[in-house]
Amino acid sequence: MSKNKQNSGRMPSSKGMDMASVYSVQECECKAKQIVFSKDNRLIIEEFIHIRDMKGKFAEHDVPMPNKLMMFGPPGTGKTLTAFYLAGRLGLPLIVVRLDSIINAHLGETGSNVRKIFEYAKSAPCILFVDEFDALARTRDTNDEVKEMARVVNTLLQCIDEFQGDSILMAATNLENELDHAIWRRFDTKLVYEAPDESSRLEYIDLIIGSFHKEDGIQERATRMLAGCSYADIEQILLKAKRKAIVDDLVLSQQLIESSIQEYRPVHLRIEDQALGGSSA
Ligand SMILES: Nc1ncnc2c1ncn2[C@@H]1O[C@H](COP(=O)(O)OP(=O)(O)OP(=O)(O)O)[C@@H](O)[C@H]1O
Ligand SMILES: [Mg+2]
């Protein structure tokens, strides 16, 4: 059980929906059991967790603790998973914002929704996670509805500035360049995500294959075959191959992985096909 007090008051709602989904510490731990970090991100995360344990010392030196993390990178590389992981490690509930509920055709309403969910998250220690952050924080001068959107960004800036205390704000985006600069610099911790390199692929493939019956050396071969794939692609392809192995009572083999790659069509292969004039839909 979490030792933290519960968020006070009711979860705010809009358009008949809660503005966020809440995950308990146990749910977060369970979801993020298998996570692979790049060396840099592992160091940043461990330091962040270490600092959170040193509250007294930071107060003594009058240095604010970090509490705002921005994650940037392509789809399927572990940004959302990191939010669950950190919540599990820090023993905090995770509040995942529902943008479909927050964003309203009336942008004035969007600003007021942003304020409500930030207030809610401040009312007790938690991690507030905003995925697709760019949808709220588009740079002020490239948006069509410039003035109205600028007001939402201004509200967001204020909310971020006032977000002190024991809660943590995490945001993720695929579109680093679309974020307003003023927003970007308010985040004290930044994590950059990429498709896994060779050693991260091997680590992840090993985790996914686990003790499943397999050909010798399949992990190393799969690591080469799955170059360029995101973690999410690798997971889907290997699960497909495992299913085929179970159905036909076979061991996990290079051939099964090859046919799973063909069926799954990871994005980078579709792009290569198109560049070669291929006909993949
Ligand atoms: N670094 C990772 N370590 C382990 N598994 C991962 C990692 N990245 C992605 N996965 C797997 O892929 C799934 C999707 O990952 P996740 O939702 O974290 O991606 P994302 O970076 O948030 O993508 P998007 O930009 O589309 O939101 C995860 O649930 C997990 O199964
Ligand atoms: Mg995500």
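Remember, predicted model here, so these are calculated numbers, not experimental data.

A. Structural detail: the packing of helix H10 (residues 218-225) against helix H12 (residues 254-264). At a closest axis distance of 10 Å, the pairing of H10 and H12 adopts a crossing angle of 25°. Looking at the two axes, H10 sits roughly parallel to H12. Here H10 and H12 pass one another in a crossing that is right-handed. Contacts between H10 and H12 involve Ile 218, Arg 221, Ala 222 and Met 225 on the former and, on the latter, Gln 254, Ile 257, Glu 258 and Ile 261. Within the contact of H10 with H12, the residues separate by chemical class into five nonpolar, one polar and two charged.

B. Molecular detail of the nonpolar core. Of all hydrophobic cores here, the largest spans 31 residues; its most connected members are Ile 117, Phe 118, Leu 128, Phe 133, Leu 156 and Ile 183. Of all the elements in the fold, those that place two or more residues in this core are strand S5 (94-97), helix H5 (99-102), helix H6 (107-122), strand S6 (127-130), helix H7 (146-161), strand S7 (168-173) and helix H8 (181-184). Apart from residues no more than four positions distant in its own chain, Phe 133 is found in contact with Met 70, Leu 156, Ile 160, Ala 171, Ala 172, Leu 179, Ile 183 and Phe 187. In this structure, Cys 28, Ala 87, Ile 127 and Phe 129 belong to the second largest nonpolar core, which totals 25 residues.

C. Structural detail: helix H2 (residues 39-52). Taking 1.5 Å per residue, 14 residues should reach 20 Å; H2 reaches 20 Å between its end C-alpha atoms and fits that length. Buried residues of H2: Asn 41, Ile 45, Phe 48, Ile 49, Ile 51 and Arg 52, and no others. End-on, the buried residues of H2 take up no more than an arc of 165°, which puts them together on one face. Exposed residues lying more than 90 degrees from the buried face of H2 are Lys 39, Asp 40, Leu 43 and Glu 47. On the buried face of H2, the contacting elements are helix H3 (55-60), strand S4 (68-72), helix H4 (79-90), S7 and strand S8 (189-192).

D. Structural context of the packing of aromatic side chains. Taken as a whole and assessed by the stated rule, the structure comprises five aromatic pairs. On the basis of an interplanar angle of 75° and a centroid distance of 5.0 Å, the ring pair of Tyr 23 and Phe 84 is categorised as edge-to-face. You can see Tyr 23 sitting in strand S3 (residues 20-23) and its partner Phe 84 sitting in helix H4, a full 61 residues away along the chain. Look at Tyr 23 and you get partly exposed, because its relative accessible area is 23%. Taking the relative accessible area as the measure of exposure, Phe 84 reaches 7% and is therefore buried. Directly above the aromatic system of Phe 84 lies the positively charged group of Lys 31, at a separation of 5.2 Å from the ring centroid.

E. Highlighting the pattern of salt bridges. With the rule as written, the count across this model stands at nine salt bridges. Asp 161 is the partner of Arg 186 in a salt bridge, and the nearest nitrogen-oxygen pair spans 2.8 Å. One end of the pair, Arg 186, is in the loop between H8 and S8; the other, Asp 161, is in helix H7, with 25 residues separating them in the sequence. Overall, Asp 161 belongs to the partly exposed group, its relative accessible area being 38%. Residues joined in a network through salt bridges with shared partners are Arg 42, Glu 46 and Arg 89.

F. Up close: the sheet that holds S4. Judged by pairing direction, the sheet is mixed, and its six strands sit side by side in the order S3-S5-S6-S7-S4-S8 without closing on themselves. Looking at strand neighbours, the two that pair on one side only are S3 and S8, the edges of this open sheet. Taken pair by pair, the neighbouring strands of this sheet meet at an average axis angle of 20°, ignoring direction. Helix-sheet contacts for H6 involve S3, S5, S6 and S7, and the interaxial angle to S6 is about 155°.

What counts and what doesn't
- Residues numbered from 1 in each chain as written.
- Chains lettered and ligands numbered in written order.
- Predicted model: local features only at pLDDT ≥ 70, side-chain atom pairs only at ≥ 80, totals over all residues.
- Heavy atoms only, no water.
- Axes fitted to C-alpha atoms, helices over the stretch in contact; angles between N-to-C directions.
- Helix = DSSP H or I, 4+ residues; strand = E, 2+ residues; numbered from the N terminus.
- Parallel < 35°, antiparallel > 145°, perpendicular 65-115°, else oblique.
- Left-handed = near helix turned anticlockwise from the far one by under 90°.
- Contact = heavy atoms within 4.5 Å.
- Nonpolar A, V, L, I, M, F, W, Y, C, P; charged D, E, K, R; others polar.
- Core = buried A, V, L, I, M, F, W, Y, C linked by side-chain atoms within 4.5 Å.
- Buried < 20%, exposed > 50% of the residue type's maximum accessible area, 1.4 Å probe, protein only.
- Expected span 1.5 Å × (residues − 1).
- Arc of directions from axis to C-beta.
- Phe/Tyr/Trp six-rings, centres within 6.5 Å; stacked < 30°, edge-to-face > 60°.
- Lys NZ or Arg CZ within 6 Å of the ring centre and 35° of its normal.
- Salt bridge = Lys/Arg side-chain N within 4 Å of Asp/Glu carboxyl O.
- Pairing = 2+ DSSP bridges.

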